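Fold and geometry: a report
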Amino acid sequence: MARFIVAHHEEFLLKNANPLWKFFCSVTLTIVLLLSLAITSIIGTVIPQNESPDAYLHAYGAFRYQLLSTLGIFDMYHSWWFQGLLLLLTINIVVCSIDRLSGSWKLIFTRSPKVRPERFTNRSDARTLTDKRDAEELVSVYEPIVARRYAFCKVTRSNDGAVIYGEKGRLSRLGVYIVHLSVILLLIGGLAGSFFGFEGYVNIAEGEATDTIRIRRTGQIHRLDFQIRCDDFSLTLYETGAPKEYRSALTILEGGQAVKQKDIIVNDPLRYRGINIFQSSYGKLQPEKMPRPETPVKGPAEAYTLNFNSRASGMSYTVTAKVGVPVDIPEGLGKFVVMAYESETAFRGMDVGAALKGILTPKEGEPVEVLLPLKFANFDKMRGGEVMIAVANQPQEKFTPQQPAEERYYTGLQVTNDPGVWLVYTGFTLMIAGCFATFYLSHQQVCIVIEQLRKNSRVTFAGTTNRNKLAMKNTTEKMFEAMTDS
């Protein structure tokens, strides 16, 4: 016992002497982190997340767009600093829980609690009665009264009398720590999904299969460990022509063999190996222009080589432009920024293939959106203006309108993977259990102190609880009535 006390004391001194431990177990740190998360969440609500770059550029201008993009405000919940706040909060809760639990451990898990009678006899609500029976006889009468209500009942005898101690609900003190654990699991689950999960989309024509998707946030191609095939797509319409239900018959292929089949509709996904495949959209495409994700078209890239042709001087300039970074156009003709790459682009109802989208800010005048099809170098001539822009080193074709062709459906799928989802579900379950233990259960203790006098015995009775004191008062009153009637 002495070794345990010394070891516990040394551990306590070590923790208090460590400034890093004191920093992370600070309640002030918890408040600061929660306020920071609340404020940043408000910002993330006010500023739309994961919009197209050109929308942000129109809303905030080039300078503020670059500043906010660098800070990760446009995808705030996946930014390194927001994830850092969550990680700090997780560490803070873990350290605080360990620090508080170390002081409560002995109270909660001791097999034979040490009873201090004066802790009960000195209470203002303690009740006292005098009985002619001796202490031993009173013990035999009062002990069953306590044992019926309390799982733990202990009798301690002495030369001066006896003490009957009853206790229940000791483990309810763990409720707050279960809530802490649930929050930790929720945070870890969210971080796991952010770091290791993904959310992408893919369009698959009827009869086609693919094992690649495009990540929604970055636009990068992600390859799956299996193929998704759309066997059939069906559309049901209301009498008004509005879509009532669209259904995709999907098959999962591994090694060319079908391993799972399911018809999916909105909110009824196909789940396979931790990956969820949701029905998201649909459309009609000409067969020869169907997207084939398994053989992605050239691009996107981090930078593109552009040709700027000045209408006034007739000069042509070649400039390398990174996506999202404005470049100066020679001859002081303004600035241009490449905003996005699209593998399939429509212009006035016609398919022009892969194209870049950008924003041209002339020296005088308002910014304009510029479309640069990769296959048509002279496409931008139709826009007019002081400068014509084209993507360099791309095959040039004569731009002619496409003739209408027979159309067929494609299905738009949302593909997600969140490895932390089971941690989140477990966290919610534990939070419900912890809240129930914290708010509806209590740690109750009662004590009957019997003092042997010369001709009679003096009995003092009191009870205490860590919560719901009104219910405890009613319990002790009923027990005292049972004692006086026995």
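Before any of the text, the structure's been laid out above.
Now for a look at the structure at hand. Chains are numbered independently. Their residues run from 1 in the order of the written sequence. In keeping with the model being predicted, local features are shown solely for residues with a pLDDT of at least 70 and side-chain atom pairs are shown and tallied solely at 80 or more, while totals for entire chains, interfaces and linings include all residues. Water and hydrogen atoms play no part in the side-chain values, which are based on all heavy atoms of the structure.

Two numbers describe how helix α3 (residues 27–46) lies on helix α5 (residues 80–109): the axes approach to 10 Å, and their chain directions differ by 150°. Taken together, the axis directions place α3 and α5 in an arrangement best described as roughly antiparallel. Classified by chirality, the crossing of α5 by α3 is left-handed. Packed against α3, whose contacting residues are V27, L29, T30, L33, L34, S36, L37, T40 and S41, the element α5 presents W81, F82, L85, L86, L88, L89, N92, C96 and R100 at the interface. Note that Gly is not counted as nonpolar here; it falls among the polar residues with everything else outside the nonpolar set of Ala, Val, Leu, Ile, Met, Phe, Trp, Tyr, Cys and Pro and the charged set of Asp, Glu, Lys and Arg. Partitioning the contact of α3 with α5 into residue classes produces 12 nonpolar, five polar and one charged. Note on geometry: axes are C-alpha line fits, over the in-contact stretch for helices, and angles between N-to-C directions span 0 to 180 degrees. Runs of E in the DSSP output that reach at least two residues are strands. Runs of H or I that reach at least four are helices, and both are numbered from the N terminus. What sets the label is the angle itself: under 35 degrees gives roughly parallel, over 145 gives roughly antiparallel, 65 to 115 gives roughly perpendicular, and the rest give oblique. In a left-handed crossing the near helix is turned counterclockwise from the far helix by less than a right angle, and in a right-handed crossing that turn is clockwise. The criterion used for residue contact is that any of the two residues' heavy atoms lie within 4.5 Å.

Axis separation between helix α7 (residues 135–149) and helix α10 (residues 469–485) bottoms out at 10 Å; the angle between their running directions is 150°. The orientation of α7 with respect to α10, classified from their angle, is roughly antiparallel. Crossing hand, α7 versus α10: right-handed. Contacts between α7 and α10 pair Y142, I145, V146 and R149 from the former with T475, K478, M479, A482 and M483 from the latter. Among the residues making up the contact of α7 with α10, the classes are represented as six nonpolar, one polar and two charged.

Note on placement: S310 falls in strand β11 (residues 303–310). You can call S310 buried: its relative accessible area is 5%. Between the C-alpha atom of S310 and that of I389, which follows or precedes it by 79 residues, the distance is 9.1 Å. Ignoring sequence-local partners within four residues, the contact set of S310 consists of M315, E331, L333 and E386. The definition of a polar contact used here is a pair of N or O atoms within 3.5 Å, where within protein one atom must be able to donate a hydrogen and the other to accept one, and adjacent residues in sequence count solely through side-chain atom pairs. Within the local environment of S310, its side chain forms a polar contact with the side chain of E331, the two groups lying 2.8 Å apart. Only protein chains enter the accessibility calculation, which uses a 1.4 Å probe; a residue is then buried when its area is under 20% of its type maximum, exposed when over 50%, and partly exposed in between.

By definition here, a salt bridge exists when the distance from a side-chain nitrogen of Lys or Arg to a carboxyl oxygen of Asp or Glu is within 4 Å. For the coordinates displayed, the defined rule picks out 17 salt bridges. Across the pair R123 and D125 runs a salt bridge, and its minimum N-O distance is 3.0 Å. A salt bridge links R133 to D131, with the nearest nitrogen and oxygen atoms 2.8 Å apart. By relative accessible area, which is 14% here, D131 ends up buried. When salt bridges with common partners are traced through the structure, they connect D225, E254 and R273 into a single cluster.

Topologically, I215 is positioned in strand β5 (residues 209–215). Among residues more than four places away in sequence, those in contact with I215 are F198, E199, G200, Y201, Q220 and H222.

By definition, no residue in a patch forms a salt bridge, and every one has over 30% relative accessible area; like charges are joined within 9 Å, nonpolar side chains (Val, Leu, Ile, Met, Phe, Trp, Tyr) within 5 Å. Note on areas: these come from Shrake-Rupley sampling with a 1.4 Å probe, and a residue is covered only by the protein chains present in the view. Charge convention: Lys and Arg are scored as positive, Asp and Glu as negative, and His as well as the terminal groups of each chain are ignored. Where a charge lies is defined by one atom per residue type, namely NZ (Lys), CZ (Arg), CG (Asp) and CD (Glu). Where like charges cluster on the molecular surface, the positive patch consists of R148, R149, K168 and K478. Along the polypeptide, K478 turns up in helix α10. On the basis of relative accessibility, which here comes to 53%, the residue K478 falls in the exposed class.

A few words on the pairing of strand β8 (residues 257–264). Following DSSP output, two strands are said to pair if at least two bridges run between them. Two elements, strand β7 (residues 243–254) and β8, share seven bridges in a ladder whose sense is antiparallel. By the bridge assignment, I252 is partnered in β8 with K260.

Not every positive phi belongs to a glycine, and R273 is a case in point at roughly 50°. Along the chain, R273 turns up in the loop between β9 (270–272) and β10 (275–285).

Right, let's get into the packing of aromatic side chains. When two rings of Phe, Tyr or Trp (its six-membered ring) have centres within 6.5 Å they constitute a pair, described as stacked for plane angles under 30 degrees, edge-to-face for angles over 60, and tilted for the intermediate range. Enumeration according to the criterion identifies 20 aromatic pairs in this entry. An angle of 40° between the planes, with centres 4.3 Å apart, marks the rings of W105 and F109 as tilted. In this pair, W105 and F109 both sit in helix α5, four residues apart, roughly one turn of the helix. When the centroid spacing of 5.4 Å and the interplanar angle of 80° are considered together, the rings of W422 and Y425 count as edge-to-face. Taken as a pair, W422 and Y425 lie in helix α9 (residues 421–440) at a separation of three residues, close to a single helical turn. Assessed through its relative accessible area of 63%, W422 is described here as exposed. Each member of the aromatic cluster is reached from another via a ring pair, and the members are Y56, Y60, Y65 and F74. The side chain of K168 reaches across the aromatic face of Y150, ending 5.4 Å from its centre. Definition used: whenever NZ (Lys) or CZ (Arg) falls within 6 Å of the ring centre and also within 35 degrees of the ring normal, the charge is taken to sit over that ring. Geometry around F152 places R170 over its ring, the cationic atom sitting 5.8 Å from the centre.

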